[in-house]
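What follows is each chain in one-letter form.
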Amino acid sequence: GPDAIILEHLGIAHFEEGDYERAMTYFEEAKASEPAEPRFWTNFGKVYASKGKADEAIKSYQKSLAIDPEYADAYHAIGEVLLSGKNYAQSEKYFRKAIQIQSGDPIFHVSLAKALIGEGRSSAALLPLEDALKYTQDPATIAAIGRYREMCHNPHPASRHGINTTEAIHKSGL
């Protein structure tokens, strides 16, 4: 109901301020109000992931999927946790599942490209980057996609300067 949505938005506001404990309190109240809403479990996972608790994050995302096996955001979120742990092949599977369910989210396509680049498959990353461009008008997203495309076309210059291309991707902000 509307109360759960308000509680969720309060939790998100605290999460974005870095106040994870208060965010969790609001997310817990929202979940208690609407236990069958997968979004609330995904919010828990995002807090855990931000605190570096990958296992707890994945468990929360899996609870979202137990409620709704077609909840694309949960697949994407698991992929992001795996990607941050440099488990590129596993993250790729989760990103592909998210895209299969909800193909119009450019971030899902960019995440898949990041996993492919991490696996050393830069040329394969070009297709999801092109797909991402089909689904966004946001200038910042378009610029980030352009940077990734450049990395795919020239993966070696960064490493010649002592910069790990995969690390550069993780730090790029998209």
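For the structure, see preceding data.
Residues numbered from 1 in each chain as written. Predicted model: local features only at pLDDT ≥ 70, side-chain atom pairs only at ≥ 80, totals over all residues. Heavy atoms only, no water.

J.: Tell me what's going on with helix 7 (residues 106-118), and back it up with residues and numbers.
T.: The terminal C-alpha atoms of helix 7 lie 18 Å apart, and with 13 residues this matches the ideal 18 Å at 1.5 Å per residue to within 8%. Of all the 13 residues making up helix 7, 12 are buried; the element is thus mostly covered by neighbouring parts of the structure. Buried residues of helix 7: Pro 106, Phe 108, His 109, Val 110, Ser 111, Leu 112, Ala 113, Lys 114, Ala 115, Leu 116, Ile 117 and Gly 118, and no others. For helix 7, the N-terminal capping position is held by Asp 105, with its side-chain oxygen 2.9 Å away from the main-chain nitrogen of Ile 107. Count one or two residues on from helix 7 and you reach Gly 120, which has phi positive near 85°. (Helix = DSSP H or I, 4+ residues; strand = E, 2+ residues; numbered from the N terminus. Expected span 1.5 Å × (residues − 1). Buried < 20%, exposed > 50% of the residue type's maximum accessible area, 1.4 Å probe, protein only. Polar contact = N/O pair within 3.5 Å; in protein donor to acceptor, adjacent residues only side chain to side chain.)

J.: So what about unusual backbone geometry? Which residues, and what values?
T.: A positive phi angle is found at Lys 86, which is not glycine, with a value near 65°. According to the relative accessible area criterion, Lys 86 is partly exposed, its value standing at 46%.

J.: I'd love a proper account of the nonpolar core, names of residues and values included.
T.: Membership of the largest hydrophobic core comes to 33 residues, with the highest contact counts inside it found for Tyr 61, Leu 65, Val 110, Ala 125, Leu 129, Tyr 148 and Cys 152. Only helix 4 (54-67), helix 5 (72-84), helix 6 (88-101), helix 7, helix 8 (122-134) and helix 9 (139-153) provide two or more residues apiece to this core. Ranked by the residues each element gives to this core, the list is headed by helix 5, at eight residues. Aside from chain neighbours lying at most four places away, what touches Leu 65 is Tyr 71, Ala 74, Tyr 75 and Ile 78. In terms of nonpolar packing, the next biggest core, distinct from the first, is built from six residues, Ala 23, Met 24, Phe 44 and Val 47 among them. (Core = buried A, V, L, I, M, F, W, Y, C linked by side-chain atoms within 4.5 Å. Contact = heavy atoms within 4.5 Å.)

J.: Go over the packing of aromatic side chains with me, naming the residues and quoting the values.
T.: If you walk through the whole model with that rule in mind, you get four aromatic pairs. With centroids separated by 5.8 Å and ring planes inclined at 35°, the aromatic side chains of Trp 41 and Phe 44 adopt a geometry described as tilted. You can see Trp 41 and its partner Phe 44 sitting in helix 3 (residues 38-50), three residues apart, about one turn around the helix. Cluster of aromatic residues (ring-pair linked, three or more members): Phe 27, Trp 41 and Phe 44. (Phe/Tyr/Trp six-rings, centres within 6.5 Å; stacked < 30°, edge-to-face > 60°.)

J.: An account of the pattern of salt bridges is requested, with residue identities and associated values reported.
T.: Throughout the structure, instances matching the rule amount to nine salt bridges. Note that Glu 8 and Arg 39 form a salt bridge whose closest N and O atoms lie 2.8 Å from each other. One end of the pair, Glu 8, is in helix 1 (residues 2-16); the other, Arg 39, is in helix 3, and 31 residues separate them in sequence. Glu 8 gets classed as buried once you look at its relative accessible area, which sits at 5%. Look at Arg 39 and you get partly exposed, because its relative accessible area is 28%. Residue Lys 51 pairs with Glu 21 through a salt bridge whose shortest N-O separation is 2.7 Å. (Salt bridge = Lys/Arg side-chain N within 4 Å of Asp/Glu carboxyl O.)

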